[in-house]
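# Remarks on the overall topology
If you want the building blocks of each chain, they are given just below.
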Amino acid sequence: MSSREATIRSFRARSVKVVWDGAAPPSVEALQAAFAPFGAISTVRVKQRTALVLYRDARSVASAVDGTRGPWIATAVATERADPRRGSPSAPFGQAPDAEAPAGA
């Protein structure tokens, strides 16, 4: 495994994806307050419909997913299935992970 793949794996193992219903996304501060009891947080990123909580330790992820209550749904990024339209780090870009590589590749 390359160092890039190891970094991606580590990042995914320490990440929680947060989704919510409604128009207004939660603030970074609200997410930090809600998820801090489960472990030390490295960073929080908020988009329009999702957020990512990155913990310093992967062991915090299971606690966060199991313990999250409230208006948000939390899932472990490492357990999400890859979108076959986007491929995966182990497959060529745009190719499903279980598809065969083209001849000569």
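So, here's what we can say about the structure. (Residues numbered from 1 in each chain as written. Predicted model: local features only at pLDDT ≥ 70, side-chain atom pairs only at ≥ 80, totals over all residues. Heavy atoms only, no water.)

## Description of the overall build of the protein chain
Tallying secondary structure elements over the protein chain gives three helices and four strands in all. Ordered by position from N to C terminus, the α and β elements of the protein chain give α-β-α-β-β-α-β. The burial tally for the protein chain puts 27% of its 105 residues in the buried class. Summed over its atoms, the accessible surface of the protein chain is roughly 7300 Å², and 52% of this surface lies on carbon and sulfur atoms. (Helix = DSSP H or I, 4+ residues; strand = E, 2+ residues; numbered from the N terminus. Buried < 20%, exposed > 50% of the residue type's maximum accessible area, 1.4 Å probe, protein only. Areas by Shrake-Rupley, 256 points an atom, 1.4 Å probe, with all protein chains shown as cover.)

## What about the pairing of strand β2 (residues 41-46)?
Examined bridge by bridge, β2 and strand β3 (residues 50-55) share five bridges and lie antiparallel to one another. By the bridge assignment for β3, V46 is matched with A51. Where β2 folds back onto β3 in an antiparallel hairpin, the turn is made up of three residues. (Pairing = 2+ DSSP bridges.)

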